[in-house]
Amino acid sequence: MKGHHFPEQCYVEFSASPRSSEDVPIESVQNELARFLEQDHIIEQQQITGDRLKEFCLDLPYSKTVDQKVRLIRIGDQPFSPCGGTHIK
């Protein structure tokens, strides 16, 4: 859903569908992320206006104003996500 990474702190917030109400061990999440990172995915980015945000990010719990620019990133075949930070290849 969201997250950030700064020196000395970072977090990622995930959302689960109602079908997956069971607890997921953190080790499973870490292992899956490690496998994903090893695959060296292509990083895409684009700029859109806030009124188009729901076209790219269907489950986003917030919106942006129509004229506000939003930077989107996509890593591999994952869904687009709004991002205000810098991503390197």
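In this text the structure is predicted, and so the values were computed from the model without any measurement.

Before we go on, may I ask you to explain unusual backbone geometry in this structure?
When glycine is set aside, most residues are seen to have a negative phi, and most peptide bonds are trans. Positive phi is not limited to glycine here, since Glu 8 has a value of about 75 degrees. Relative to the assigned elements, Glu 8 resides in the loop between strand E1 (2-6) and strand E2 (9-13). We classify Glu 8 as exposed; its relative accessible area is 84%. Of note in this structure, Asp 40 is not a glycine but carries a positive phi near 55 degrees. Structurally, the position occupied by Asp 40 is in the loop between helix H1 (26-38) and strand E3 (43-49). For Asp 40, a relative accessible area of 67% corresponds to the exposed category.

Explain the pairing of E2 to me, please; I cannot follow it from the model alone.
On a regular strand, each side chain points to the face opposite its neighbour's, so the side chains alternate between the two faces of the sheet. Relative to E2, E1 runs antiparallel, the two being bridged by five bridges. Looking across to E2, one finds that His 4 is bridged to Tyr 11. Between E1 and E2, which pair antiparallel one after the other, the connecting turn spans two residues, and Glu 8 there sits at a positive phi close to 75 degrees.

What am I meant to see in the packing of aromatic side chains here?
The description of an aromatic ring pair rests on the distance of the ring centres and on the angle between the ring planes. Following the criterion strictly, the structure yields one aromatic pair and no others. Relative to Phe 80, the ring of Phe 56 has its centre 5.4 Å away and its plane inclined at 85 degrees; by these criteria the two rings are edge-to-face. Of this pair, Phe 56 sits in helix H2 (residues 53-56) while Phe 80 sits in the loop between strand E4 (69-75) and strand E5 (81-82), and the two are 24 residues apart along the sequence. Neither Phe 56 nor Phe 80 differs from the other in exposure class; each is buried.

Conventions used here
Residues numbered from 1 in each chain as written. Predicted model: local features only at pLDDT ≥ 70, side-chain atom pairs only at ≥ 80, totals over all residues. Heavy atoms only, no water. Helix = DSSP H or I, 4+ residues; strand = E, 2+ residues; numbered from the N terminus. Buried < 20%, exposed > 50% of the residue type's maximum accessible area, 1.4 Å probe, protein only. Pairing = 2+ DSSP bridges. Phe/Tyr/Trp six-rings, centres within 6.5 Å; stacked < 30°, edge-to-face > 60°.

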